[in-house]
Amino acid sequence: MKGLILGPEIYFLAVATVFLFLSMMRPGARRDFSVALFLSGLGVAVTLAAVRMEGSLLHGAYRVDLFSQVFKGLLSLGFFLVVCLCSNLSGIQDERHSEFYLFLSTCTLGMMLLMSSTELLTLYVALELASYSLYALVPLRSGGQQMEAGIKYFLSGIATSALMLFGLASLFAASQTTYIDKLVVKLPGLLNNPMAFIGLLLTLCGFFFKLALFPFHIWAPSVYQGAANQVTAFLGTATKVAAIAMLVRLVSMSDGNTSLAHVLAALAIISMTYGNLVALVQKDFKRLLAYSAIAHAGYSLIGILSMNPTGYAAAVFYALASLSMTFICFLVMVKVASDGRDLAIAQFAGLHRRSPLLALALLVGVFSLGGIPPTIGFTGKFLVFNAAMEKGYFLLVLIAMINVVVSLYYYVQVVKAAFLLEPDEELPAISLSVPTIILTAVMVVVIVAGGLFPRYLFQLAEAAIQALL
Amino acid sequence: MELAGFPYLSAILLSCVAGLLVILFIPRERETLVKWVSLAFSGIALALSIYVYCAYDRMQGGLQFVEKLPWVEPLGIQYFNGADGFNLPLILLTGIVHFTGILTMWELRGRVKEFFAFVCVLVLGVFGFFMSMDLFFLFVWFDVSLFPMYPLIAIWGTTRKEYGALKLFLHVLAGSALILPGIVYLAVASGLHTFDIVALMQPGALTPGQQRFAFLLFYIGFGILAGVWPFHTWSPVGHVAAPTSVSMIHAGVLMKIGAFGILRVAIFLCPLGWEYWAPVMAVLATIGIIYGVFVGLTQTDLKYVIAYSSVSHMGIVGLGLSTVTAEGLTGAVFQMFAHGIMTALLFSSLGYIYDKTHTKLIPDLGGMSRVMPVASGYFIVAALAGMGVPGFASFWAEVTVFISALKVYPALGALAICALVLSALYMLRVVQRTFYGPRNERYARLPDVSFGLGLPRIILVAVMVLFGLFPRLMLDLIQTAVIPFMGGFSR
């Protein structure tokens, strides 16, 4: 029965196979979206059913525990939510829809494998599976600057991969092992050795890239803008969750090394400040979200660099929070830009009349990103700051809060566009299907309720961290 | 879990939440229905706050109507509400201003549903802030009460509304950039890992150095919202830009959130820091009083006049807080209440005149008392109250503050009193030029305020006079909280 603990992974491999076969069929005869919606919904159920499973495979190279299962749950949820946005996949040519779903599911599969990898080479292979799927997804869009985005993403991606490989090699050279459970024991003593320290840092770079943390953020704005809206939604939600999970796993190996914390603190500060300041002048909504993601990478790193269980749990909570609040922004954007175009912030004008529900959702989403209570985004920040304060990083918290206030300026510009500006020409009301209305309402409720009642989510995050440490 | 009988305080909050939910499900064409619904729910909230105010046992004192629920145990967060002599006047004030504010906006046209929905959220935050005894929730309510200000001003406001809304929003939230680290710092530095205000109040929880540091964070953080000079610059712009009832709630209640935050968080939790920084507070407060008066002198826009008088009157609250005496504290809390009612009345009565004439510039008006005698009457009454004429609540508040200020800071107190006398002169000048003198013929045919529309002003005047004639109704209540607090404070 040992294979059963791989349930989610096997399931997503099957999903990918289904789409591989679908992609060989004639385009007109397919119903990609319905199939994808059904399969991804079932995927959430499968991963949730497997959430309590535990075990270890391949001589300890692959471990299934609560930490990995919780994140697999989040990833399958992210996959499902992004598929929900694809009812009108007009940014991508019809005949490529199956490939889109195929790469989306292989990417999810790769990230799931990543969550359970406890051996450095396994980890690298899983990461590359996810990365290469994304390299293919970004230029799938039809028309526009998708090629530029694709090449930028690919080149900077493989460059970071090279850095990461170098880091992995140094880690191995310093510690003579590639197993994380052995590294956990050896590494704290070894971190005074520059090779081990640089090795760990370079290994982290691979995930800094996914998280779009400074200085690995360069791809984010063009790729966010150039990729199809649904792909960007996936990039902005699911991949961030995976990156945070792996950073938690890798940083927790260092056992509270102060030098590492200082390096991470510097990166967090620069990332927040840079992201927020550049976001101030953005006109395009996706570019804005890209810079806001750079800033959020900084906030979530604060929880990780606190290197205490509360901090890791806060980072996990923050991953969940940013999944939901980023998603709701993309949801609104996809519905407003129904023809799959890029959306300028000013094009939200008149949204309060065209669709009050979407305007409300956008308000909740951006204020949650801005960290205004009672939203999940605020509670996430609060938990992160609480953990940092316990380590005595008062100044870091203060800088982060100042950043939050700076960021409110551009979030308010979005609210202003949606509620205050009037479009030049009268635009028709946006009609939403019933499932979309339900999905939007549920997301609004989740964001507010997650902010007001963080107890169970936080306990779940703590339990996941317990499994890790 | 600890519940002493029916949770009246939570019921107040629930009435706001319920109001919000009901409004959200009303079709937006049914504007009158939206107004009635919000009036009904604000009436419930008002009734409950009056009940809590009256039912509070003054002989027993202390924290009553306590509602305590564990919220996030690992972090020491609780849902903890309570009422004492400090927050009861402000809960009552919020109830009154909310109710009269909705009546004042009865003639609102355009996007009615959204307006009243945002007002519900705003008032929910204000109520929550005043009654919360847990720092986490205190902060949540603080922000909940602030963010609706942006849409409320930017959509329904008037003069330079977008600029005013953004300036106000960013300024007051900049305060939260200091408050949140401060709150977390207190919870962690005390070693108690709790956000419970009562627990953190234990003497010795924080060292004197920590108290001085944290006090400064809270004083500036909340001081921005309280309109403490030099952090007040958002307030006149924001007041002027806001629609009438938002100005009422904003000047009447929101600025008190700042002052009350200084009291509840900074002074309660960092008493040694309070003592240390009190002279600085006194100087800033006095500058605020004088500055408000002199800048107000040069204004020609009536709303700016009221806004700067608010800066000056909030300076009186600050002066009272800075005396570190029981009288000063009592006067400050009373002044918060009195100023809330008074400014609400000023904005409310000006709102009617502005709706009819579409101007609030003093030179354009003139002789209004012959055009709309009743509407003018309300404004004049409020102006008199603002001057501190005996018979109004503000008289007692100001007298109490100034007596204690004169004892503790003779020079500053005297300066502040001189400034107040001057402000009386300029208020009289404003009244004379606006309501007497030659009549502007353009407005000669405008109707006077009807009884229904005048109702909110009548209520506000009645409250002013009630507490002006019987100040002990409130002073005694405040004393039940002030005296034990100052008694426990070793001098």
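Residues numbered from 1 in each chain as written. Chains lettered and ligands numbered in written order. Predicted model: local features only at pLDDT ≥ 70, side-chain atom pairs only at ≥ 80, totals over all residues.

## A word on the interface of chain A and chain B
By a widespread convention, an interface's size corresponds to the accessible area lost as its parts come together.
Part 1: The partner chain B presents 23 residues to the 26 residues of chain A that form the contact.
Part 2: Every element with two or more residues in the side of chain A that touches chain B is listed here: helix 16 (376-390), helix 17 (394-419) and helix 19 (455-468) of chain A.
Part 3: The biggest single contributor to the side of chain A that touches chain B is helix 17 of chain A, with 13 residues.
Part 4: In terms of residue class, the side of chain A that touches chain B is built from 21 nonpolar, 1 polar and 4 charged. (Contact = placed C-beta atoms within 7 Å. Helix = DSSP H or I, 4+ residues; strand = E, 2+ residues; numbered from the N terminus. Nonpolar A, V, L, I, M, F, W, Y, C, P; charged D, E, K, R; others polar.)

## Comments concerning unusual backbone geometry
Residues and elements named next belong to chain A.
Part 1: A cis amide bond links Phe214 with the next residue in sequence, Pro215, at an omega value of 0°.
Part 2: Of note, Pro215 is situated in the loop between helix 8 (194-211) and helix 9 (220-226).
Part 3: With an omega dihedral of 0°, the bond running from Pro373 to Pro374 counts as a cis peptide bond.
Part 4: Mapping Pro374 onto the fold places it in the loop between helix 15 (356-369) and helix 16.
Part 5: Phi at Leu58 takes a positive value of approximately 50°, unusual for a residue other than glycine.
Part 6: Tracing the backbone through its elements, the reader meets Leu58 in the loop between strand 1 (55-57) and strand 2 (62-64).

## Examining the confidence of the model for chain B
Low-confidence regions, as indicated by low pLDDT, have predicted coordinates that should not be scrutinised in detail.
Residues and elements named next belong to chain B.
Part 1: Looking at chain B, pLDDT values average 86 and 98% of them are 70 or higher.
Part 2: Element-level mean pLDDT values for chain B span from 56 in strand 1 (residues 2-3) up to 91 in helix 2 (residues 31-55).
Part 3: ipTM for the predicted complex: 0.87, alongside a pTM of 0.90. (pLDDT = per-residue confidence, 0-100.)

## Points about the packing of helix 8 of chain A against helix 10 (residues 229-251) of chain A
Residues and elements named next belong to chain A.
Part 1: One can describe the packing of helix 8 onto helix 10 by two numbers: an axis separation of 8 Å at closest approach and a directional angle of 155°. As judged from the angle between their axes, helix 8 and helix 10 are roughly antiparallel. Judged by the twist between their axes, the crossing of helix 8 over helix 10 is left-handed. Side by side, helix 8 and helix 10 meet where Thr203, Leu204, Phe207, Lys210 and Leu211 of the first sit next to Thr239, Lys240, Ala242, Ala243, Ile244, Met246, Leu247 and Leu250 of the second.
Part 2: Of the residues assigned to the contact of helix 8 with helix 10, the class counts are 9 nonpolar, 2 polar and 2 charged. (Axes fitted to C-alpha atoms, helices over the stretch in contact; angles between N-to-C directions. Parallel < 35°, antiparallel > 145°, perpendicular 65-115°, else oblique. Left-handed = near helix turned anticlockwise from the far one by under 90°.)

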